[in-house]
Protein chains: 2
Amino acid sequence: MKPPHDSGRCRQANEVISLVGDKWSVHIVMLLGTGRKRFMEIKRAVDGISQKMLTITLRGLERDGYVTRTAYPTIPPKVEYELTDLGRELLVPLDALGSWALANHARVVAARAAYDGRGLPQAAE
Amino acid sequence: MKPPHDSGRCRQANEVISLVGDKWSVHIVMLLGTGRKRFMEIKRAVDGISQKMLTITLRGLERDGYVTRTAYPTIPPKVEYELTDLGRELLVPLDALGSWALANHARVVAARAAYDGRGLPQAAE
DNA sequence: CGGAATCCTTGACGATACTG
DNA sequence: CAGTATCGTCAAGGATTCCG
């Protein structure tokens, strides 16, 4: 990890953006944008994530200050997660990216088809 | 891969956003926002990326329609990469996210420090 | 229910060497 | 200079099991 061309700016930005890399993080932040949720609620909503990854992802988001974890010492246990102010603010540029992605999804798919189809029509997916 | 809560929207968005996961892709798109660049220029600018990853990343960006590849059949070869319209448009939400990340980097770092320091001062990283 | 711990598979990525 | 090919590593992440 060496700062490339514009000093440490890229590194700092990357440090924050890196969580976008985890597809789970983005998904969960978006979901929590709806309101506070319990552990299993999130798990069911995301569907496809393992408990392990959900726990790890939530830990990461909590550590970075995007979500708060509230545990009620009841039996059975009940833990709720909610976006912090920082998390809600993150939602703004994240939504913008999401909207752009959704709006331009067709263009990307078309570009892929064009790229894949040029010169090798026999090679199916 | 089953559509979770809001049908295929998430999947579609994710399909596009996934390239943000590759820290290389974002970096390169940002760099090419400056103008067309040659292969080695990019490699030198990013510094830390291997030829292999650079080639793969550029291929992916080209396939998705974000960059164009122009090869001049000279000796020695000369290949230039440039953002397409789609790529330049992607730059907008990407820059927004980058700006946000940079602006809030300190808050994230502070949150991390607070999280790491609470209750286990002896446990270094 | 929420989460920790363990095992194991996969593929992302780096390093290196070779080609045109 | 630009690109491909091959190999080795290493960690992300899934499945499973146990605990409070």
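As recorded in an unreviewed UniProt entry, chain A goes by Putative transcriptional regulator and comes from Aurantimonas manganoxydans.

Novice: Where do I start with the overall build of chain A in this structure?
Specialist: Each helix and strand in chain A was counted, giving 5 helices and 3 strands. Element order for chain A, N to C, with α for helix and β for strand: α-α-β-α-α-β-β-α. A buried classification covers 41% of the 125 residues belonging to chain A. Within chain A, contacts between residues at least 6 apart in sequence are counted, and of these 43% link residues at least 24 apart. Of the accessible surface of chain A, which amounts to about 7,000 Å², a share of 56% is contributed by carbon and sulfur atoms.

Novice: How do you make sense of the nonpolar core when you look at a structure like this?
Specialist: When a protein is soluble and globular, its nonpolar side chains tend to lie buried together. Counting 64 residues, the largest nonpolar core has Y66 of chain A together with Y66 of chain B as its most contacted members. Look past the residues within four positions of Y66 of chain A in its chain and what remains in contact with it is V16, L19, L61, E82, L83, T84, L86, G87 and L90 of chain A together with W100 and V108 of chain B.

Novice: Honestly, the relation of the copies chain A and chain B in this entry has me stumped. Any pointers?
Specialist: One chain copy maps onto the other through a rotation about an axis and a shift parallel to that axis. When chain A is brought onto chain B, the operation consists of a screw motion whose angular component is 180° and whose axial shift is 0.0 Å, with 0.1 Å RMSD remaining. Each copy turns onto its partner about a two-fold axis. Closest to the rotation axis within chain A is the C-alpha of G21 of chain A, separated from it by 1.7 Å.

Novice: Looking at this structure, how should I read the protein's contact with DNA strand C?
Specialist: In the neighbourhood of DNA strand C, 18 residues make up the surrounding shell, with M40, R59 and R69 of chain A together with K52 and M53 of chain B lying closest. Protein-proximal atoms of DNA strand C, defined as those within 4 Å of the protein, fall in sugar or phosphate at a share of 70%. Between DNA strand C and F39 of chain A, the relevant distance is 3.4 Å, taken from a phosphate oxygen to a main-chain nitrogen or oxygen of the residue. Between DNA strand C and S50 of chain B there is a distance of 3.4 Å, counted from a phosphate oxygen to a side-chain nitrogen or oxygen. Contributing elements (two or more residues each) for the surface near DNA strand C: α3 (39-46), α4 (51-63) and β3 (78-83) of chain A together with α4 (51-63) of chain B.

Novice: What is the right way to look at the pairing of β3 of chain A in this model?
Specialist: Two faces make up the sheet, and in a regular strand the side chains alternate between them. Residues and elements named next belong to chain A. Sheet topology note: the strand β1 (residues 37-38)/β3 ladder contains 2 bridges and is antiparallel. Across the sheet, the residue bridging to R38 is E80, located in β3. Bridge count between strand β2 (residues 67-72) and β3: 6 bridges; the pairing is antiparallel. The partner of T68 across the bridge, within β3, is E82. Two successive antiparallel strands, β2 and β3, enclose a turn made up of 5 residues.

Novice: Please clarify how the side chain of N104 of chain B should be interpreted in this entry.
Specialist: Checked against the element boundaries, N104 of chain B lands in helix α5 (residues 85-117). Taking relative accessible area as the criterion, N104 of chain B reaches 9% and is therefore assigned buried.

Novice: What is the right way to read helix α2 (residues 23-32) of chain B from this model?
Specialist: Each α-helix turn comprises 3.6 residues. Residues three or four places apart therefore point the same way. Of all 10 residues that make up α2 of chain B, 8 are buried, and the element is covered over most of its length. Within α2 of chain B, burial applies to W24, S25, V26, H27, I28, V29, L31 and L32 of chain B.

Novice: Which parts of the structure should I look at to understand the sheet that holds β1 of chain A?
Specialist: Think of a sheet as strands paired side by side through backbone hydrogen bonds, with each pair either parallel or antiparallel. All names here are of chain A. With respect to topology, 3 strands assemble into an open sheet ordered β1-β3-β2, the strand pairing being antiparallel. The open sheet terminates on both sides in strands that have one partner only, identified here as β1 and β2. Sheet strands in contact with helix α2 (residues 23-32) are β1, β2 and β3, and its direction is about 90° off that of β3. Packing of α4 onto the sheet brings it into contact with β2 and β3, and relative to β2 it is tilted by some 115°.

Novice: Any chance you could explain the protein's contact with DNA strand D here in plain terms?
Specialist: Inspection of the region around DNA strand D gives 18 residues, with K52 of chain A together with F39, M40, R59 and R69 of chain B positioned closest. Within the contact set of DNA strand D, a base oxygen lies 2.3 Å away from a side-chain nitrogen or oxygen of K52 of chain A. The backbone of F39 of chain B places a nitrogen or oxygen atom 3.4 Å from a phosphate oxygen of DNA strand D. Elements with a minimum of two residues in the surface near DNA strand D: α4 of chain A together with α3 (39-46), α4 and β3 (78-83) of chain B.

About the thresholds
Residues numbered from 1 in each chain as written. Chains lettered and ligands numbered in written order. Predicted model: local features only at pLDDT ≥ 70, side-chain atom pairs only at ≥ 80, totals over all residues. Heavy atoms only, no water. Helix = DSSP H or I, 4+ residues; strand = E, 2+ residues; numbered from the N terminus. Buried < 20%, exposed > 50% of the residue type's maximum accessible area, 1.4 Å probe, protein only. Contact = heavy atoms within 4.5 Å. Areas by Shrake-Rupley, 256 points an atom, 1.4 Å probe, with all protein chains shown as cover. Core = buried A, V, L, I, M, F, W, Y, C linked by side-chain atoms within 4.5 Å. Least-squares fit on C-alpha atoms with pLDDT ≥ 70 in both. Near = heavy atom within 4 Å. Polar contact = N/O pair within 3.5 Å; in protein donor to acceptor, adjacent residues only side chain to side chain. Pairing = 2+ DSSP bridges. Axes fitted to C-alpha atoms, helices over the stretch in contact; angles between N-to-C directions.

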